[in-house]
Amino acid sequence: MNHKEKPKEKKPDAFHAPKGMHDILPVDEPYWEKIENAARSIGRSYGFGRIEPPVLEDAALYNKTSGEESDVVAKEMYTLRTKGDDLLALRPEYTPGVCRAYLEHGMSRLAPPQRLSYFGPVFRHDRPQLGRYREFTQIGFEVIGGQNDPIYDAEIITLSINLLAEVKLKDPTLKINSIGCRVCRPNYKRQLQNYYRQHVGELCEDCVRRLETNPLKLLDCKQPQCQPFKDRAPNFLDKLCSACKAHFRATLEYLEEVGITYEVDARLVRGLDYYNRTVFEIFADGKEAELGALGGGGRYDYLMEIIGGHATPALGVALGAERLIAALRAKEISLAARPVKKVFLAHAGTLAKKNAFALREELRRSGIMVAEALAKDSLGAQLKVADKEGVALALILGQREAYEKSVIMRDLSAGTQESVLLEKIVEEIKKRLKV
Ligand code: AMP
C-alpha cells in the first residue's frame, strides 16, 4: 500500500427494516388515504365507533382466547418480558384486546349491540411471502352484545363487501361456513377424530398433534400430504344442530336479500379457537386471489366468558390493509393523485428571506400549497427547483419587494410577470389558479 493512501474505512453495515416489516412512503399515501377514508365512511354509515386498545396486551389474553394451539399464539406471537416481569405480547390480532376493553369499560351497560371499529398495526412472526408480513395493518369491525341474531352475521359480511366496493375492489369471492356450537361441535369433533385416526401414519406432524388437541384445525392444514384426507373428511354442515342450521340458513338468506353471492366451503374453519357458528373469508377476484384472503371473520359468542365476562353474542371481521393495497395496485385501480403544489416561493436577500418565511405561512393558512427551496440563497438555484416542481406560478421576493411590501408573480409557462401588493397576493393567486 502506498503510504499516502488512506486505509479504507470499514463502513458500518447499513440498517434495514426488520425482516417482514416495511416502510410506508409518501408514494404510498394515496392508497392509504383511500383505504382509511373508505373504512371511516363505511364504519360511520353502519354506526361504528372507533376503539384502539394498546399494541401491547398481557400475553395470557391471547393464550386463553385465540388458543395456545393456534398458529397465531403458538408460532407467531412476539412476546416481551417487561422490567416489572410482566409477559406482554404485541397484538397478533385485535379481537381479544377489543373484548378486554369492552369488559374493562363496562360497555355491556351501553345500548346493545356495541359496534366498534379499529385500524392499526398487528404483528405475527410468520414466514414473509407475498401478502404476508410480520407487521401489517388490520381494519376491523366488531359487533358485541345484544341478540345472537343472524342478521348481524349478514350485516358484518355486507359491510365488508361494501368496503371493498368503496375502494373499487369489485366481485370478491365470499367463502362461508358454520362451525357449530357447544351442542353440536363435540359430536362432530369425535367423528372427525375417528375418521383421521385411520390415517394417522400419513398425516403431517402438526396434524398428528391437532388430532388430539384441536381436531377442527385438521381441516385448516395447508400441507399437500394432508389434502386428500381433508377432501374426504366428514362434513360439519350435515352434523349441525337444528339451531345452528337455522342460524346458518338465515344468514345466507339475508345475504341473498341484498344480492351478495357466496360459496359455502365446508372446509373453512379459520385458525382461531374462539369462533363458533358463522365463519367467512373474502378473496379478491381474478389472480389477485393469490394474495390470500383480503379479510376474514366470524362469530365468537363464547369469548367474553373465557375472559371473565358474561356470555355475550359477538362477531367481527378484520381486513388486511396491505393486501387491499396490493390488490388495488395489481388491478391498476386509479386513485386521486397527491395534491400538486402550484406555487413556488423564491427570495433574494436576507430581509426578503424573512418575509418569504412569513408569506409561506400566510399562503398555507389560505389553503395554497407552496413549493420552495428557501434554504438556497441563490435565486437561480431556487428557480431551477421551481422547474423540477413543474409549478404554474413563481412568487419572487427581492430586497426591493421587501421594502415595497410587494411580490413579483411570474407565470412560468407564459414567461410574463407582474408586481402584486403583498396584501392582494392570496386573492390574485386564487384568481389565476381558479381555486
Ligand atoms: P386473519 O384473522 O388471520 O384471517 O386476518 C385477517 C386479515 O388480515 C386477513 O384476511 C389478511 O387480509 C390480513 N392478514 C393476516 N395475516 C397477515 C399477514 N401476515 N400479512 C398481511 N396481512 C395479513
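Residues numbered from 1 in each chain as written. Predicted model: local features only at pLDDT ≥ 70, side-chain atom pairs only at ≥ 80, totals over all residues. Heavy atoms only, no water.

A tally of helices and strands in the protein chain yields 15 helices and 16 strands. The C-alpha atoms of the protein chain give 29 Å as radius of gyration, which overshoots the globular expectation for 435 residues (22 Å, by more than 25%). Each principal axis of the C-alpha atoms in the protein chain carries an extent, and together these give about 90 × 70 × 45 Å. Going through the 435 residues of the protein chain one by one, you find that 49% of them count as buried. (Helix = DSSP H or I, 4+ residues; strand = E, 2+ residues; numbered from the N terminus. Rg over C-alpha atoms; globule rule 2.2 N^0.38 Å. Buried < 20%, exposed > 50% of the residue type's maximum accessible area, 1.4 Å probe, protein only.)

It is worth spelling out the nonpolar core at this point. General note: in soluble globular proteins, nonpolar side chains tend to be found buried as a group. Grouped together as the largest cluster of nonpolar side chains are 95 residues, with contacts concentrated most on Ile139, Phe141, Ile144, Ile156, Leu169 and Tyr196. With 8 residues, helix H5 (residues 150-166) is the largest single contributor of residues to this core. Counting 19 residues, the second largest nonpolar core, distinct from the first, contains Val407, Val426, Ile429 and Leu433. (Core = buried A, V, L, I, M, F, W, Y, C linked by side-chain atoms within 4.5 Å.)

Read from one edge of the open sheet, 5 strands run E13-E12-E14-E15-E16, paired in mixed fashion. Strands with a single pairing partner mark the edges of an open sheet, and in this sheet they are strand E13 (370-372) and strand E16 (416-421). With strand direction ignored, the average angle separating the axes of adjacent strands in the sheet is 30 degrees. Summarising the sheet, strand E14 (residues 393-397) and strand E15 (residues 406-411) pair through 4 bridges and their orientation is antiparallel. (Pairing = 2+ DSSP bridges. Axes fitted to C-alpha atoms, helices over the stretch in contact; angles between N-to-C directions.)

Okay, the packing of helix H1 (residues 29-45) against H5 next. Their axes nearest at 9 Å, the elements H1 and H5 cross at an angle of 140 degrees. Comparing their axes, H5 and H1 come out oblique. Considering only the axes of H1 and H5, their crossing is right-handed. Side by side, H1 and H5 meet where Lys34, Ala38, Ala39, Ser41 and Ile42 of the first sit next to Leu159, Asn162, Leu163 and Glu166 of the second. (Parallel < 35°, antiparallel > 145°, perpendicular 65-115°, else oblique. Left-handed = near helix turned anticlockwise from the far one by under 90°. Contact = heavy atoms within 4.5 Å.)

Moving on to the sheet that holds strand E2 (residues 56-58). Overall, antiparallel pairing links the 3 strands, which are arranged E2-E4-E3 in an open sheet. Unpaired on one side and paired on the other, E2 and strand E3 (79-81) mark the two borders of the sheet. Between one strand and the next, the sheet's axes are offset by a mean angle of 35 degrees, whatever the strand orientation. Contacting E2, E3 and strand E4 (87-90), helix H2 (residues 59-67) crosses the sheet at an angle of about 70 degrees to E2.

Taken domain by domain, the protein chain comprises domain 1 (26-184 + 240-330) and domain 2 (342-433). On a C-alpha basis, the centroid separation for the pair domain 1 and domain 2 is 50 Å. (Domains from an automatic or database assignment.)

A few words on helix H11 (residues 321-330). For H11, the buried fraction is high: 7 of the 10 residues fall into the buried class. As for H11, its buried residues are in contact with H1, strand E6 (135-144), H5 and strand E11 (314-320). The positive-phi residue at the C-terminal boundary of H11 is Glu332, with phi of around 50 degrees.

It is worth spelling out the site of the ligand at this point. The environment of the ligand is formed by 14 residues, the closest being Arg124, Tyr133, Arg270, Ala293 and Leu294. Within the backbone of Tyr133, a nitrogen or oxygen atom sits 2.8 Å from a nitrogen atom of the ligand. In the complex, 91% of the free accessible area of the ligand, which totals 470 Å², lies under the protein chains. For the shell around the ligand, the secondary-structure elements that each account for two or more residues are E6, strand E10 (295-299) and E11. (Near = heavy atom within 4 Å. Polar contact = N/O pair within 3.5 Å; in protein donor to acceptor, adjacent residues only side chain to side chain. Areas by Shrake-Rupley, 256 points an atom, 1.4 Å probe, with all protein chains shown as cover.)

In the structure shown here, the tally under the stated rule is 7 aromatic pairs. Residues Trp32 and Phe119 carry aromatic rings whose centres are separated by 6.5 Å and whose planes lie at 65 degrees to one another, so their mutual orientation is edge-to-face. Taken as a pair, Trp32 in helix H1 and Phe119 in strand E5 (residues 114-123) lie far apart in primary sequence, 87 residues in all. According to the relative accessible area criterion, Trp32 is buried, its value standing at 10%. With relative accessibility at 15%, the residue Phe119 sits in the buried group. Geometrically, the ring pair formed by Phe48 and Phe141 is edge-to-face, given 5.3 Å between the ring centres and 85 degrees between the ring planes. Pair noted here: Phe48 is in the loop between H1 and strand E1 (49-50) and Phe141 is in strand E6, with a separation of 93 residues, a long-range link. (Phe/Tyr/Trp six-rings, centres within 6.5 Å; stacked < 30°, edge-to-face > 60°.)

With that settled, consider the environment of Arg109. Within the secondary structure, Arg109 is located in the loop between helix H4 (95-104) and E5. Owing to a relative accessible area of 72%, Arg109 belongs among the exposed residues under this scheme. Along the sequence, Arg109 and Gln129 sit 20 residues apart, while their C-alpha atoms lie 43 Å from each other.

Once that is clear, we can look at the environment of Lys331. Residue position: Lys331 is located in the loop between H11 and strand E12 (343-347). Under the relative-accessibility criterion, Lys331 is labelled partly exposed at 27%. Between the C-alpha atom of Lys331 and that of Leu169, which follows or precedes it by 162 residues, the distance is 8.6 Å. In contact with Lys331, not counting residues within four places along its chain, are Leu169, Asp285 and Glu288. Side-chain polar atoms of Lys331 contact the side chain of Glu288, separated by 2.8 Å.

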